[in-house]
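Structural overview
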Amino acid sequence: MPMCRLLCSFFLALIILSSIPASVDGCDYAQSICGAQAPGDVVIGMMLPCHRKVSLQERIRPESFQCSDFDLVSFMRSLAIIHEIDEINAAGFLPGVRLGYLMCDTCSFASKALGNVEHMLESNKTLNVKCNYTDFRPKVKIILGASNSDVSIALAGLLNVYMVPLLSSTSSAAKLSDKLRFPSFMRTIPSDKHQTKAVAKMMKHYDWNWVGVVYGDDEYGKAAFQSFLTDAEANNVCLAYQEVLPHYLDNLQTMQRIEQVAAQIRSSNAQVVLLILKSDLVEGLFKEMIRTNTSRIWIASDAWSRSISIARMDSINKVGDILGFTFLSGKSDSFEKYLKNLTATPGGYNYFIEEYKNLRFNCTSECDSKTPPSYCSIPDLRKIQSGNACNFTDPQEQNDDYLVNALDTSQAFLHKVAVQAVANALKKLLKCNSSLCLGEINFPPWKLLEELKKVKFEYDNQTFFFDPNGDFENLYELIMWKTDGEYRKFQRIGKYNVTYGNVEVKTDIIWLSTANTTIPQSRCSQRCAPGSVKKIFNTSCCYSCIPCVEGTYSDEPDLQNCKTCPNGTWSLKNWSECKPRTESYMKWSDPHPIVMMAAAAFGILLLLVTFIIFLVYRDSPPMKRAEVRLSCVMMAGLSVSFASVICFMGKPSVHFCRARQVMYAMGFTLCVSCILVKAYRTFLAFLPFGQLTSRQLHKLYHPPAIVIIITTLQGIICLLWLIFDSPDIDDTPPPPQSMTILVHCDEGNTYIGFGIMLSYIALLSLICFLLAIKGRKVPQEVSETGYIIFSMLMYLFVWVCFIPVYITNSENGTPVQASAILVSSYGIIFCHFLPKCYEALWGSKTDTMEKILRKWHVIRSPNLDSVTEIDIDIPGKNTYSQKSDRFSISSTSTILRSSGTPSEISHTDSVLDIMDMSNEKINAYLRLRTNIRKRCISF
């Protein structure tokens with residue numbers, strides 16, 4: 001009861017209004033509110049705006065609204081509904097039941113539409129208020145409309161009380177899908193939530209992420225804008241600006257606001273603008289764009305995406321590219337034929353047709369008068385007038401194809417589908433068969449609503465049905481406004497599938513902005529190429545690009561974060577992919593290792609040839625002076641040193657790492673120890689020492705012992721090195737900036753053993769060098785001091801250069817060490833062996849030791865009374881005190897005499913006399929001279 005009282009109070013005003021008689025103050029109630037009607041057993045109501053607006057002035061009394069601006073497109077849509085009703089009646093789709101209609105003009109204004117409801121739902125010219133409308137049976141069983149979402153929302157809110165179905169083909173506001181708030185509303189189009197998703201995905205497809213939005217302040221505009229915000233964020237589309245326009249065209253501030261919005265559009269760098277507006281507002285905005293010569297890419301909402309009036313604006317081609325999503329459309333030949341022969345339905349009337357014919361065929365059109373009626377406020381309506389209008393006497397008798405040519409009749413397709421949905425639902429409700437409908441004709445409207453929700457039918461080779469929210473889930477068509485002379489025409493370039501949520505677009509589109517198929521750009525920041533990621537500023541679409549660091553990558557444009565390389569792969573800075581690191585070592589197939597192996601092999605071959613020459617010419621003076629046996633030991637050491645180079649090639653292993661260092665250390669130490677023996681021999685033979693010192697140094701001269709001891713010490717060093725700090729494979733991770741894994745040997749954790757080994761060889765070389773320096777004045781024919789100095793100097797220089805390279809560049813340490821071994825080994829070959837081979841093969845055969853010594857006969861003083869004698873054992877002679885078969889022993893004595901005392905010797909008047917003497921002369925000389933100082937040195 002309380003609810004009943006509340007409802008009674010709520011509709012008290014409607015009771016008063018509904019009790020007013022049909023004719024008041026000379027006004028025909030039926031004709032003043034509804035302009036088209038046809039009788040029928042079941043009446044379908046139509047709420048469509050045949051006029052675009054009402055005059056909104058200060059409203060003091062509840063007077064009737066004054067409508068203006070005849071709307072050709074909406075008029076054509078109402079005719080489509082009427083034509084489809086006539087077609088269904090003519091086809092006998094509902095046997096024995098005739099459909100009627102009652103059309104009221106909403107003038108795109110919700111209050112005007114609400115005023116029409118009482119007339120559509122009245123019974124006996126009154127609308128009685130009831131506590132329960134379950135058995136409410138108005139003559140109008142369903143209402144088709146309205147055109148705009150805000151009008152539909154207002155109507156649906158009121159019709160919920162009566163549960164009268166409201167079926168729209170153009171109202172797409174998302175909130176109308178809420179069945180708790182609008183249980184009686186249904187529509188033959190998808191919800192705006194799908195359209196905004198389609199728009200956002202289309203922007204993503206074209207790579208537009210910086211867009212502006214202008215929307216109306218009505219329910220449709222605000223709801224669509226909020227839905228677009230969510231979808232834009234999901235598709236990484238950002239708003240450069242958002243502007244709102246008042247949706248009432250007679251608002252005094254509308255044009256001023258349009259100019260402000262136009263200024264914002266011009267000042268922004270966003271090239272794409274989404275317009276969620278009514279066509280009238282878009283028309284006003286485009287006029288301002290044309291005036292200021294502003295071109296953009298415009299995205300049209302379904303409210304104006306097929307607006308003929310905008311497409312035929314003067315200079316419309318200056319505004320730029322226009323794309324938009326629209327609902328399903330389809331041409332109908334029978335409907336176009338009907339438009340060419342417009343007449344009211346027999347038994348009814350249609351004052352909208354009369355008004356159109358007056359605009360089209362009346363020569364003295366009201367719009368041309370000094371005081372035109374309000375519906376002629378738009379100057380463009382004067383263009384409707386036919387050029388032959390003045391030749392006609394009765395405009396109502398005239399027809400032509402103007403509507404077919406001037407309008408896109410395919411836009412009325414879904415209005416025809418709405419009539420088919422109602423007819424199929426009625427067929428179920430009225431239990432119609434092929435010849436008769438058995439159901440009750442005067443049924444409550446809610447029963448039709450129940451059947452309408454369950455209806456599923458075929459029309460134009462397509463299947464239609466309503467989802468649980470009362471919406472159709474069919475396709476959107478993506479259209480582009482192509483140039484057609486001075487105007488535009490609509491071309492279908494793609495579609496959006498509501499079910500699957502994917503956009504399909506043609507690729508061969510010619511854009512006005514670029515004059516070719518190149519897609520125009522609208523971005524706050526340029527795309528970050530693969531290999532870099534975004535560093536976002538204040539919005540997600542405005543950013544700078546920073547490269548991915550080593551070990552990370554980005555394989556797609558505009559990523560937020562770099563991806564980490566999977567195991568076993570790596571990337572360098574600014575890379576778009578990860579690759580496996582390559583192993584770097586002395587590969588057998590690389591040119592450098594091949595050259596080094598060839599050099600090592602050639603060195604061994606050269607040593608072999610030298611060894612043969614030494615054996616063949618072992619009795620020649622050059623070979624005897626070079627000590628064949630000692631030289632053969634040197635060759636053996638160098639061969640091992642050359643062989644160690646081979647261990648530097650190929651992929652390193654623990655065994656190769658250890659073997660190559662030990663082989664080099666032992667082989668080269670053996671060679672240097674032999675050189676040390678030669679240098680020490682020269683040092684003892686030719687430098688003057690006191691008697692005691694000479695004998696002590698002479699006792700140390702034991703070549704086999706020296707060679708063995710020196711080599712053994714190196715062996716001990718290597719053994720301790722292998723035990724405590726053995727070489728191994730270096731497992732240090734490569735540097736981040738490198739794609740190469742350096743596979744090389746680590747010469748121990750501390751490098752102490754490696755350093756001691758090299759230092760030991762360097763110390764031996766330095767000793768050899770110093771000893772040779774001491775004996776550098778000895779004739780080259782009887783010593784090798786020059787060769788020793790040069791070879792040891794070369795060795796020290798090479799290895800001094802090696803150390804900093806090895807320490808600072810571990811990647812090249814292996815080839816540098818191998819090269820150092822080769823250079824130092826070849827240095828010894830060229831300094832010690834090749835000259836002897838040359839002397840043995842091509843030297844003078846008569847150049848005996850005696851001749852050599854005679855060349856160096858120098859008299860240091862003319863006084864021969866005081867003589868210092870030095871016996872030098874020369875190879876090839878027998879001595880009186882040594883065995884002939886001793887290792888490197890020679891016995892011929894040579895006496896070096898010096899006249900005068902040491903204090904009397906000068907570099908200007910003294911001469912050194914070197915004489916060759918027989919054994920008998922030596923013995924005699926020893927007996928005669930008591931001041932002889934004699935040193936016998938075994939070689």
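Provided above is the structure to which this section pertains.
In short, a report on the structure. (Residues numbered from 1 in each chain as written. Predicted model: local features only at pLDDT ≥ 70, side-chain atom pairs only at ≥ 80, totals over all residues. Heavy atoms only, no water.)

**Section: the sheet that holds strand β9 (residues 166–168)**
The seven strands are arranged β10-β9-β8-β4-β7-β3-β16 in an open sheet whose pairing can be described as mixed. Two strands lie at the open edges of the sheet, namely β10 (185–187) and β16 (349–350), each paired on one side alone. By the bridge criterion, two bridges tie strand β3 (residues 34–38) to β16 in an arrangement that is antiparallel. Bridge pairing links A36 to N350 in β16. This element, helix α16 (residues 445–454), spans β8 (140–145), β9 and β10 of the sheet and lies at about 50 degrees to β8. (Pairing = 2+ DSSP bridges. Helix = DSSP H or I, 4+ residues; strand = E, 2+ residues; numbered from the N terminus. Contact = heavy atoms within 4.5 Å. Axes fitted to C-alpha atoms, helices over the stretch in contact; angles between N-to-C directions.)

**Brief notes about the pattern of salt bridges**
Overall, the coordinates contain 25 salt bridges when judged by the stated rule. D408 serves as the salt-bridge partner of R306, at 2.4 Å between the closest nitrogen and oxygen. With R306 in the loop between β14 (297–300) and α11 (308–311) and D408 in the loop between α14 (402–406) and α15 (413–429), this residue pair connects regions lying 102 residues apart in the sequence. An identical accessibility class is assigned to R306 and D408; each is buried. Each of D207, R523, R527 and D558 takes part in salt bridges that share partners, so that together they form one network. (Salt bridge = Lys/Arg side-chain N within 4 Å of Asp/Glu carboxyl O. Buried < 20%, exposed > 50% of the residue type's maximum accessible area, 1.4 Å probe, protein only.)

**So, the state of the cysteines**
Applying the stated criterion across every chain yields a total of nine disulfides. A disulfide bridge connects C528 with C545, and the sulfur atoms are separated by 2.0 Å. Disulfide C528-C545: torsion about the S-S bond near -95 degrees, hence left-handed. In this pair, C528 is assigned in the loop between β21 (502–505) and β22 (532–536) and C545 in strand β23 (residues 543–547), connecting sequence segments 17 residues apart. The disulfide partner of C657 is C745, and the S-S distance across this bridge is 1.8 Å. Here C657 and C745 share a disulfide; its torsion about the S-S bond, -80 degrees, makes the bridge left-handed. Here C745 lies in strand β31 (residues 745–746) and C657 lies in helix α20 (residues 654–686), a separation of 88 residues in the sequence. C745 shares its class with C657; the two are buried. (Disulfide = S-S within 2.5 Å.)

**Considering the packing of helix α23 (residues 752–774) against helix α24 (residues 785–808)**
Two packed helices can be described by the angle between their axes and the distance between those axes. Contact pair α23 / α24: the axes reach a minimum separation of 9 Å and the direction vectors enclose 150 degrees. Considering the angle they form, α23 stands roughly antiparallel to α24. Crossing angle aside, the handedness with which α23 passes α24 is left-handed. Together, F754, L758, I761, A762, S765, L766, C768, F769, A772 and I773 of α23 and T785, I788, I789, M792, L793, Y795, L796, W799, F802 and Y806 of α24 make up the contact between the two elements. (Parallel < 35°, antiparallel > 145°, perpendicular 65-115°, else oblique. Left-handed = near helix turned anticlockwise from the far one by under 90°.)

**Some words on the packing of aromatic side chains**
Evaluation of the coordinates by the stated rule reveals 37 aromatic pairs. Taking 4.9 Å as the distance between ring centres and 85 degrees as the angle between the ring planes, the aromatic pair formed by Y133 and Y162 counts as edge-to-face. Here Y133 is found in the loop between α5 (110–120) and β8, whereas its partner Y162 is found in helix α6 (residues 149–162), with 29 residues between them in sequence. Their ring planes at 25 degrees and their centres at 6.5 Å tell us that F335 and Y338 sit as a pair that is stacked. With F335 and Y338 both in helix α12 (residues 333–339) and three residues apart, the pair spans about one turn of that helix. Both residues of the pair, F335 and Y338, count as buried. Site record: aromatic cluster; members linked through ring pairs are F413, F457, Y459, F464, F466 and F472. The side chain of R312 reaches across the aromatic face of Y487, ending 6.0 Å from its centre. (Phe/Tyr/Trp six-rings, centres within 6.5 Å; stacked < 30°, edge-to-face > 60°. Lys NZ or Arg CZ within 6 Å of the ring centre and 35° of its normal.)

**Side note on a nonpolar patch on the surface**
Taken together, the side chains of F602, L605, L608, V609, F611, I612, L615 and V616 define a hydrophobic patch exposed on the protein surface, amounting to about 700 Å² of accessible area. For V616, the position within the fold is in helix α17 (residues 591–616). Accessibility expressed as a relative area gives 58% for V616, which makes it exposed. (Patch = residues over 30% accessible without salt bridge, like charges linked within 9 Å, V, L, I, M, F, W, Y side chains within 5 Å. Areas by Shrake-Rupley, 256 points an atom, 1.4 Å probe, with all protein chains shown as cover.)

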